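Residue-level listing of the chains:
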Amino acid sequence: MEPNMSNCRSSYEYGHSISWFEDIAENAGKVQTETLRRILELNSGVEYLKKWLGEVNIQEMDATALESLYTSLVPLASHADLEPYIKRIADGDTAPLLTQEAITLLSLSSGTTEGRQKFVPFTKHSARTTLQIFSLAAAYRSRFYPIRQGGRILELIYSSKQFKTKGGITVGTATTHYYASEEFKIKQEKTKCFTCSPQEVISSGDYKQSTYCHLLLGLFFSDEVEFITSTFAYSIVQAFTAFEDLWKEICIDIKEGTLSSRITLPKMREAVMDIITTPNPSLASRIEERCKELEGVDWHGLVPKLWPNAKYVYSIMTGSMQPYLKKLRHYALGLPLVSADYGSTESWIGVNVDPSLPPEDVTFTVVPTFSYFEFIPLYRQNQDCSSVSDDFLEDEPVPLSKVKLGQEYEIVLTTFTGLYRYRLGDVVEVSGFHKGTPKLNFICRRKLILTVNIDKNTEKDLQKVVERGSQLLSKTGAELVDFTSHAEVANQPGHYIIYWELKGEVEEGILGECCRVMDASFVDHGYVVSRRTNSIGPLELCIVQTGTFKKILDHFIGNGAALSQFKTPRCTSDQVLLRILNGCIIKRFHSTAYA
Ligand code: AMP
């Protein structure tokens, strides 16, 4: 995320941003119908809409009538329904298929959460709303955690490699397009004096070299750093873990005014050397001393020790990022962890208006101008439901103005970028209201991740089970670095495999117990029944070598993902990933007894 633009904002601008939002939140229902009208007017006549709406003259309809007409004629869609249109765009068809505005950029979305990368259009609107939500979030943050004007921000952000389709369309992650956009440049120009890393470091395309330079420059400006940020929390943990090995080399560079030979990209070398022009032995020895102390306490409190003026750590820490909270807290010591906003490559959704809440309690207040949002009510099935392929029953979608407190929903988007009634696949719960707009609690991706037969477990279910199992590690001093899972059905009976990468040594007896506890912690009725009847076999816990999850990250980066948007897949059937995981197993445990 790009919160550093906030530094240049006066309190007047913050106030303006908040009062704009409070106003649209008050009138959210009306703002939504108007937002839909604007989307349909801007894209009137495009092939996709013509197919469903025919020649209806929307100009003459009032917004409410248009909303009912639209939701009755245009069907709910998945990415697969829009894929043929997106493919034609990628192949160079310039007719107005989804939007009137020509699409020149496509983003890669959720490749890491669903195992398959999807293309979605990226337009000027995408970059504009990114800037808008960053400034709005910064305005709310400034109420609780004011930062010093003229300070700097250590931003651990990365662009992916971009490529061209055969039709000449540029493909990259949404954050990559944003970093290359006019909006980002304007922001960079305004705030140049405040970021630690220059553009050449962000967009190098080599995350290892970028991480080194981000850390080096972050330390070079350490006394000025006001907060530390990344898009997803994973990147912060990844960078600080790398720092545990890199610090000595970084200290030499600061001491001698040099740049490690591991930085081979000429543009990045030049840009970083332009900043670190003179040797700074006193800063280097101060950092070295602190690192030696930190090494003795397993880097506990790294952030406040190395960045003494940092006010908080800011990043997405909810959903699949929650497992990294423990490590983040370890590094941040008592420093506040501020959870960032909710969005996707397809559209921004909600802003965190209560930044002082701990990440576990954070909700996202829907911004009703970003897209037209609908909500499919979901009901959990706790009975035997072998005929249903999903773990939820659903009802007809409702507009934002009709959502109910405590109800779970799947989000449906109609965007300015040509997605119409598009099922995002995220499950959220309405946990309150901010004036007239809902506050959402992110629950999980809807897609079932672990299923052998009638059992149905989501990412959230797996997360809870792993949390229970890994609690046993606390006595050992070892820690869980990362995890994933696989539903093995090649042999009968099928069973779940959970892969763990650990830091530190753990006795086999304890790991066997972790395996048993995890098996017993799945509460899904289908799983419990199947385990009792042995139609699902004992849970298998596989311990993988140190660095296995780094190999998985490298595999995704090699396929065009960016570190900024990376999320470890919590369940996989991808053959390449399974080959990496299975090739790195060092120990296996099976849970035999089942109550
Ligand atoms: P992508 O577009 O591939 O970067 O991934 C977007 C997805 O990341 C969303 O659909 C969510 O599943 C997840 N996500 C984004 N923001 C948050 C958040 N604040 N909390 C939890 N999950 C999030």
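Here the structure is a predicted model, which means the values were calculated and not measured.

**Regarding the overall build of the chain**
Point 1. Looking only at helices and strands, the chain has 21 helices and 21 strands in total.
Point 2. With respect to the three principal axes, the spread of C-alpha positions in the chain is 70 × 65 × 45 Å.
Point 3. Pairs at least 24 residues apart make up 71% of the contacts formed inside the chain by residues separated by at least 6 positions.
Point 4. If the 63 positive side-chain charges of the chain are averaged to one point and the 72 negative ones to another, these points end up 2 Å apart.

**Things to note about the layout of surface pockets**
Point 1. The volume enclosed by the largest pocket comes to roughly 1400 Å³.
Point 2. Along the wall of the largest pocket there are 46 residues; nearest its centre are V237, K327, E479, L480 and V481.
Point 3. Among the elements of the structure, α11 (207-220), α12 (233-256), α16 (325-332), α17 (459-470), β18 (479-488), β19 (495-503) and α20 (548-558) are those that each provide at least two residues to the lining of the largest pocket.
Point 4. Examining the composition of the lining of the largest pocket, we find that eight residues originate from one element, α12, more than from any other.
Point 5. Looking at the lining of the largest pocket residue by residue, the classes come out as 16 nonpolar, 14 polar and 16 charged.
Point 6. Counting residues domain by domain, the lining of the largest pocket receives three or more from each of domain 1 (149-158 + 193-335) and domain 2 (459-590).

**Describing the sheet that holds strand β6 (residues 225-232)**
Point 1. What the four strands build is an open sheet, ordered β3-β6-β7-β8; its pairing is parallel. At either margin of the open sheet sits one strand with a lone partner, and together these are β3 (152-155) and β8 (337-339). Across the sheet, the axes of successive neighbouring strands diverge by a mean angle of 25°, strand direction being ignored.
Point 2. Relative to the sheet, α12 contacts β6 and β7 (312-316), its axis offset from that of β6 by approximately 115°.

**Comments concerning empty space enclosed by the protein**
Point 1. According to the stated counting rule, one finds seven cavities of 30 Å³ or more in the structure shown.
Point 2. Of the pockets and cavities examined, the largest cavity occupies roughly 710 Å³.
Point 3. Around the largest cavity sit 45 residues that line it, and F232, I316, G343, S344 and T345 are the ones nearest its centre.
Point 4. Listing elements by their share of the lining of the largest cavity, those giving two or more residues are α7 (124-144), α8 (174-180), β6, β9 (342-343), β17 (437-445) and α17.
Point 5. With five residues, α7 is the largest single contributor of residues to the lining of the largest cavity.
Point 6. Taken together, the residues that form the lining of the largest cavity break down as 17 nonpolar, 20 polar and eight charged.
Point 7. In terms of domain composition, the lining of the largest cavity takes at least three residues from each of domain 1 (149-158 + 193-335) and domain 2 (459-590).

Procedures and definitions
Residues numbered from 1 in each chain as written. Predicted model: local features only at pLDDT ≥ 70, side-chain atom pairs only at ≥ 80, totals over all residues. Heavy atoms only, no water. Helix = DSSP H or I, 4+ residues; strand = E, 2+ residues; numbered from the N terminus. Contact = heavy atoms within 4.5 Å. Lys, Arg positive; Asp, Glu negative; His and termini not counted. Charge placed at Lys NZ, Arg CZ, Asp CG, Glu CD. 1 Å grid on protein atoms, 1.4 Å probe; cavity = no way out; pocket = protein on both sides within 12 Å on 5 of 7 lines; lining within 4 Å. Points joined across faces, edges and corners; volume = space filled by probe spheres on them. Nonpolar A, V, L, I, M, F, W, Y, C, P; charged D, E, K, R; others polar. Domains from an automatic or database assignment. Pairing = 2+ DSSP bridges. Axes fitted to C-alpha atoms, helices over the stretch in contact; angles between N-to-C directions.

All quantities given are derived from atomic positions and should not be read as evidence of function.
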